[in-house]
2 protein chains.
Amino acid sequence: MEEFVVTPWEVHGAIDYFELVERFGTQLIDDELSKRLKKYIGDHQMLRRNIFYSHRDLNWILDKYEKGEKFVLYTGRGPSSNTHLGHLMPWFFTKDLQEAFDVKLYFQMTDDEKFLFNNELKLDDTRNLSYENALDIIALGFAPKRTKIFLDTEYANVLYKIAVEVAKRVTFSTAKAVFGFTNSTNIGSIFFTSMQSAPAFLESVLEKKNVPCLIPCAIDQDAHFRVCRDVAPILGYYKPAVVHCKLFPSLAGSDKMSASLPQTSIFTTDAPKTARKKVMNAFTGGAVSVKEQKEKGGNPDICSIYQYEYYLFEKDDDKMKELREKCKRGELMCGEHKQILADKIEKFLTAHQEKREKARDKIEDYMLRD
Amino acid sequence: MEEFVVTPWEVHGAIDYFELVERFGTQLIDDELSKRLKKYIGDHQMLRRNIFYSHRDLNWILDKYEKGEKFVLYTGRGPSSNTHLGHLMPWFFTKDLQEAFDVKLYFQMTDDEKFLFNNELKLDDTRNLSYENALDIIALGFAPKRTKIFLDTEYANVLYKIAVEVAKRVTFSTAKAVFGFTNSTNIGSIFFTSMQSAPAFLESVLEKKNVPCLIPCAIDQDAHFRVCRDVAPILGYYKPAVVHCKLFPSLAGSDKMSASLPQTSIFTTDAPKTARKKVMNAFTGGAVSVKEQKEKGGNPDICSIYQYEYYLFEKDDDKMKELREKCKRGELMCGEHKQILADKIEKFLTAHQEKREKARDKIEDYMLRD
């Protein structure tokens, strides 16, 4: 079995998500917890399909909520590129959580991080990308009154103060062990995790009382919150709860969708025709010839088209099952399925891009500055 | 010979200031440069007495100035305690530089640093101390229009952006080698040097053009500016020039005056009577008995009272020489000299504290925020 790597800055290999839960020391979302969440968020396909599948202290935060203590949501985006579909996935779930629990959401744009960890990007680039990415967040329909978006560099008057409180309690040894830093790592990258921890305590700082925080994020971000949770009690705050999703697959059929490979990622800013082309070029579980596929069927488990349906585009389980069966029986050819998905994506992008343009006028309603 | 240590956070042993110039790779202020400075700042006792004695690129910045390119001054204060007389020493010189060259001064209060490097201090403490220390700066009479004071945590919207530009170009290896960090150092302390570098580029950033910067500081701060100067050309800025002073002696007759030993430091907030008591208890170069001292004389070179006169209180060289000779001939007893110095310090503190109280109403004229 190939060795796989999952850190906030590197994901490769065939990820075993159960193994990851062991490695990181998180908990699987079991049937009981899933049922408990269902009371609030309904029969959500991302829970049903174990896309959001792991957590830390989710039961605890529900206990708090049920006793009348509201939490805040906190999630984020590393603005290294335009938004792609993989980024939207946890945002959809976050929006559903926000509506279900009627809570505030802090949305962090880590323009500092993407600058510090990427030699190709200038701070102006990550700043501009933050604002471009914010348009996608707004286009999804997050409520402006309860949703506050901020850039690390623009909200530093507030965040840096919290970050140094965190940083004082994290040694280089810890950062090295958790993130795999070396002596060649730059000192901004070493410090950065403090900036990602800070928003977990933001509401508590602003409200001057301890407020629980729930962080929906992809599992590759967990390392930051392990550190954050260790520091929280020292600072007198609750440990943030976390709910983790799997990583959205690439059109190349392996690893996560990565903005550094634009041909295998669909960006929200792609022209619908461009997106269609990318889908048509995607890796599938098809056989070498149409003839062979009609005889032996396809393999949906390794097919990126199938994964796209499963993770995002086909919410109906019956239809999902039908797609799977038809593929396996050789009744649904890859070209045909690609057309089906491409239609859905074109339709989604056309509608999203319209909302995204309208978002330009609303952006100031969402931005948090000091 | 005892090994001595000089870092921004640790000073001990008998400092050999010439050796330090070798260690740090700075330049001595030679007669020619001293003469050149004299044209602007006059016959300044801190140059005459080699209290400001070392530099980096001071000739270069004077060349620039003489060609019509004005520089900015940048100095700072680590707010770990109330201000003591040792802190005032370079500030007096900085003020004289500001007036001589008619230039802007940025005054950084590193409230983050003193919090990160000191387990006893909370961020609220270093913030409050910053404002207390700012009163002393204002009381010295810096011109409000040309002097801007800021706290790192309160000006982070501007500083953090510059700091990450610096931090991206400094590896942990470098920070470790320059500052002696270990794996147990906290990640905020590791990052901090970037925040101390940032103001060297502040005017360039705010004015959107390259502006030379001169940093007057005690020699123990040089490490930060070595790093800063290495990074400057990568960022497209001039390397800041630096002019270094020696460390103000303690009343215990060794090391530098340290706020952690309040009995051997005179604070600007000390009641004049308290200051007098501290002077009366100071370490001197006197003999074991009055009789012996009258016969053999005292040793001014190890005497803290003599050092105080030399560094700060007796500006007249002839009088200084007279004090020295009288001491060595056994004509000036320690008790008598202590009374003379205590009178001067009492007088200074009384006047300073009056100005310091008046400064409370002016503080907002000086503070830089964003």
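Remember, predicted model here, so these are calculated numbers, not experimental data.

1. Brief notes about the overall build of chain A
Helix and strand counts for chain A stand at 18 helices and 9 strands. With the C-alpha coordinates of chain A rotated into their principal frame, the extents come out at 65 × 45 × 45 Å. Per-residue burial over chain A gives 58% buried out of 370 residues. Restricting the contact set of chain A to residue pairs at least 6 apart, pairs at least 24 apart contribute 78%. For chain A, the exposed surface amounts to about 15,300 Å²; the carbon and sulfur share of it is 48%. The average position of the 54 basic charges and that of the 55 acidic charges among the side chains of chain A differ by 2 Å.

2. A look at the relation of the copies chain B and chain A
Once chain B has been moved 0.0 Å along the axis and rotated by 180 degrees, it coincides with chain A to within an RMSD of 0.0 Å. Look at the turn and shift together and you get a two-fold axis relating the two. Same-surface contact between copies: 100% of interface residues of chain B are shared with the interface of chain A.

3. Let's talk about the pattern of salt bridges
One pass over the full model with this rule turns up 70 salt bridges over all chains. Linking glutamate 154 of chain A and arginine 127 of chain A is a salt bridge whose minimum nitrogen-to-oxygen distance equals 3.1 Å. Here arginine 127 of chain A lies in helix α7 (residues 123-139) and glutamate 154 of chain A lies in the loop between β7 (147-151) and α8 (156-167), a separation of 27 residues in the sequence. The partly exposed category is assigned to arginine 127 of chain A, whose relative accessible area is 32%. Across the pair aspartate 63 of chain B and arginine 36 of chain B runs a salt bridge, and its minimum N-O distance is 2.6 Å. In this pair, aspartate 63 of chain B sits in helix α4 (residues 58-66) while arginine 36 of chain B sits in helix α2 (residues 31-41), placing the two residues 27 residues apart along the sequence. Judged by relative accessible area, aspartate 63 of chain B falls into the partly exposed class, the value being 34%. Taken together, the shared-partner salt bridges in this structure form one network comprising Glu132, Asp136, Arg356, Glu357 and Arg360 of chain A.

4. Looking at the packing of helix α13 (residues 272-280) of chain A against helix α17 (residues 334-359) of chain A
Residues and elements named next belong to chain A. Orientation of α13 relative to α17, taken along the N-to-C sense of each, is 155 degrees, at an axis distance of 9 Å. One element, α13, and the other, α17, form an angle in the roughly antiparallel class. Crossing handedness for the pair α13 and α17: right-handed. Contacts between α13 and α17 involve Pro272, Lys273, Ala275, Arg276, Val279 and Met280 from the former and Gly335, Lys338, Gln339, Leu341, Ala342, Asp343, Ile345, Glu346, Leu349, Thr350 and Gln353 from the latter. Here the contact of α13 with α17 is composed, by residue class, of 8 nonpolar, 4 polar and 5 charged.

5. Considerations on the pairing of β7 of chain A
Residue and element names in this part refer to chain A. Across the 5 residues that make up β7, a large majority, 4, are buried. Bridge count between strand β6 (residues 105-109) and β7: 5 bridges; the pairing is parallel. Within β7, the residue paired with leucine 105 across the bridge is threonine 147.

6. Thoughts on the interface of chain B and chain A
Each partner contributes to the interface: chain B provides 39 residues, whereas chain A provides 39 residues. Buried surface at the junction of chain B and chain A, both sides included, amounts to about 3,100 Å², of which 63% is carbon and sulfur. Looking at the side of chain B facing chain A, the largest losses of area belong to Tyr160, Lys168 and Ile187 of chain B, adding up to 26% of the total buried there. At the boundary of chain B and chain A, one finds 0 salt bridges.

7. Details of helix α12 (residues 222-235) of chain A
Side chains of residues three or four places apart in an α-helix project in the same direction, reflecting 3.6 residues per turn. Residues and elements named next belong to chain A. With 14 residues, α12 should cover 20 Å at 1.5 Å per step; its first-to-last C-alpha distance of 20 Å lies within 8% of that length. When you tally the buried positions in α12, you get 10 out of 14 residues, the bulk of the element. Looking at the residues trailing α12, positive phi occurs at glycine 236, about 85 degrees.

8. Brief notes about the sheet that holds strand β9 (residues 241-245) of chain B
Residues and elements named next belong to chain B. Here we have 7 strands laid out as an open sheet, ordered β3-β4-β9-β8-β5-β6-β7, and mixed in their pairing. Of all the strands in the sheet, the pair left with one neighbour each is β3 (27-28) and β7 (147-151). Pairing analysis gives 5 bridges linking strand β5 (residues 72-77) to strand β6 (residues 105-109), with the strands arranged parallel. Paired with tyrosine 74 across the strands is tyrosine 106, a residue of β6. Along the sheet face, helix α12 (residues 222-235) touches β4 (52-56), β5, β8 (213-218) and β9 and points at about 170 degrees away from the line of β9.

9. Details of the sheet that holds β7 of chain A
Consider a sheet: its strands pair through backbone hydrogen bonds, and that pairing is either parallel or antiparallel. Residue and element names in this part refer to chain A. In space, the 7 strands of this open sheet follow the order β3-β4-β9-β8-β5-β6-β7, with mixed pairing throughout. Each edge of the open sheet carries a strand with a single partner, namely β3 (27-28) and β7. Across 5 bridges, the pairing between strand β8 (residues 213-218) and strand β9 (residues 241-245) is parallel. Along β9, the bridge assignment pairs leucine 214 with alanine 241.

10. Some points on the domain arrangement of chain A
Residues and elements named next belong to chain A. With domains assigned, chain A is organised as domain 1 (5-248) and domain 2 (262-358). Interface of domain 1 and domain 2: buried area, both sides summed, is about 1,900 Å²; carbon and sulfur atoms make up 61% of it. The largest per-residue losses of area from domain 1 upon contact with domain 2 belong to Arg49, Leu85 and Phe248, which jointly make up 35% of the total buried on that side. The closest approach of N and O atoms between aspartate 317 and arginine 48, which form a salt bridge, is 2.7 Å. Summed over the shared surface of domain 1 and domain 2, the result is 13 residue pairs in polar contact (both at pLDDT 80 or more).

About the thresholds
- Residues numbered from 1 in each chain as written.
- Chains lettered and ligands numbered in written order.
- Predicted model: local features only at pLDDT ≥ 70, side-chain atom pairs only at ≥ 80, totals over all residues.
- Heavy atoms only, no water.
- Helix = DSSP H or I, 4+ residues; strand = E, 2+ residues; numbered from the N terminus.
- Buried < 20%, exposed > 50% of the residue type's maximum accessible area, 1.4 Å probe, protein only.
- Contact = heavy atoms within 4.5 Å.
- Areas by Shrake-Rupley, 256 points an atom, 1.4 Å probe, with all protein chains shown as cover.
- Lys, Arg positive; Asp, Glu negative; His and termini not counted.
- Charge placed at Lys NZ, Arg CZ, Asp CG, Glu CD.
- Least-squares fit on C-alpha atoms with pLDDT ≥ 70 in both.
- Salt bridge = Lys/Arg side-chain N within 4 Å of Asp/Glu carboxyl O.
- Axes fitted to C-alpha atoms, helices over the stretch in contact; angles between N-to-C directions.
- Parallel < 35°, antiparallel > 145°, perpendicular 65-115°, else oblique.
- Left-handed = near helix turned anticlockwise from the far one by under 90°.
- Nonpolar A, V, L, I, M, F, W, Y, C, P; charged D, E, K, R; others polar.
- Pairing = 2+ DSSP bridges.
- Buried area = accessible area lost by both parts, 1.4 Å probe.
- Expected span 1.5 Å × (residues − 1).
- Domains from an automatic or database assignment.
- Polar contact = N/O pair within 3.5 Å; in protein donor to acceptor, adjacent residues only side chain to side chain.

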